[in-house]
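Secondary and tertiary structure notes
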Amino acid sequence: MKLNRLLQVAAMSALVGLVTSCTTTGKKAGNETDDKNTSVIATPSAKPVEYLGEKKTIQDLLAEIQTADAASNWKEKPLGEAEKGTSLVAQFQSKSTCDFLVFDTFQDAVNIDQGVWNNTYTLLGRYAQLGVIVVSYQDSCTDNLPDSIYFPRLNENPSATLLTATKANISDCLVRHAECLLDEGDRFPEEGANTLGKPLHELFLLSEAGFCVTPVADDVFPGGRNSCDVPEDLPGSEKYLTITQVAMDADILRVAASTKSVDLDLGKYFIYDDGWAIYAWGSTEKQESLFLEMNKIAKGTLVALY
């Protein structure tokens, strides 16, 4: 699998956003500043949580996979020119063309993962300190992998709670970053799930208020993603600036847990509330006034990471 293809998919459809609420210190703790939609809340967390367990190597990982699933003939593939200089440090492939991407940290994997690659779902996981992304897991790519690889979506704890995109959980991921997806008592949601049943109504309100070049219809159906280009003459706007609203649990939580990375410019500003989020790909300080105006209409919590 070529990482540049993954990046192309991400650039077209990724939920973007970073940053966090100053008042949230733990999962499901809530956010007491959500109605202050005329200001930006800066993050109290400067870096991801450090991994303190036993560290493993890429070769340790490959050896365990080959031992546990010898029939699949897993082998390491050399990185191509497009992958060099990215956060991807290794890639494996099985004889059935399942792809296994390896990153220095679980945080790096979260930063690049967008849930899909072309028409194939991805599965996010961790092996010791390493992050992994399995592509084509619906084709039984993970059936015989070792238990030492933990996939938050495959949490088999019978008492595990589905991790949904509530405002409190989003706030927690913005504070703890990728660590928020690894709690033993939680299971990461399936792609496309919209458990809170939220439509993309806020983007429609922004469109009505003149924030979209082409009008956006009011989406009464829950879930999904839609976007529009911002008029260049609005204060803080610039050419090719696009705002997007998403209302899918996995997309919202995954990007809320992201940090600034070498692979994807997820942007500085992020507006969120229960079950939805709004972002602009690659947003910077230049867009602060624009986001402040948008949030007067969206009435969510506006946060900034750096």
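Look up a bit, the structure's there.
None of the values given here were measured: they were computed from a predicted structure. (Residues numbered from 1 in each chain as written. Predicted model: local features only at pLDDT ≥ 70, side-chain atom pairs only at ≥ 80, totals over all residues. Heavy atoms only, no water.)

Here's the deal with the pattern of salt bridges
What the rule picks out here adds up to 13 salt bridges. For E81, the salt bridge goes to K84, with nearest N and O atoms at 3.1 Å. Given the relative accessible area of 49%, K84 is considered partly exposed. Its salt-bridge partner being D172, residue R176 comes within 2.9 Å of it at the nearest N-O pair. (Salt bridge = Lys/Arg side-chain N within 4 Å of Asp/Glu carboxyl O. Buried < 20%, exposed > 50% of the residue type's maximum accessible area, 1.4 Å probe, protein only.)

Quick notes on the packing of helix α4 (residues 167-176) against helix α6 (residues 249-256)
As a packed pair, α4 and α6 sit with axes 7 Å apart at the nearest point and diverge in direction by 30°. Viewed along their axes, α4 and α6 adopt a mutual orientation that is roughly parallel. Contacts between α4 and α6 involve N169, I170, C173 and L174 on the former and, on the latter, I252, L253 and A256. For the contact of α4 with α6, a count of residues per class yields six nonpolar, one polar and no charged. (Axes fitted to C-alpha atoms, helices over the stretch in contact; angles between N-to-C directions. Helix = DSSP H or I, 4+ residues; strand = E, 2+ residues; numbered from the N terminus. Parallel < 35°, antiparallel > 145°, perpendicular 65-115°, else oblique. Contact = heavy atoms within 4.5 Å. Nonpolar A, V, L, I, M, F, W, Y, C, P; charged D, E, K, R; others polar.)

Remarks on the state of the cysteines
Applying the stated rule across the entire model yields three disulfides. Bridging C173 to C180, the disulfide has an S-S length of 2.0 Å. The disulfide joining C173 to C180 has a torsion of about 90° about its S-S bond and is therefore right-handed. In this structure C180 comes out as buried when scored by relative accessible area, which is 0%. The disulfide partner of C212 is C228, and the S-S distance across this bridge is 2.0 Å. The sign of the -55° torsion about the S-S bond sets the C212-C228 disulfide as left-handed. In this pair, C212 sits in the loop between α5 (201-208) and β11 (225-229) while C228 sits in strand β11, placing the two residues 16 residues apart along the sequence. Overall, C212 belongs to the buried group, its relative accessible area being 8%. (Disulfide = S-S within 2.5 Å.)

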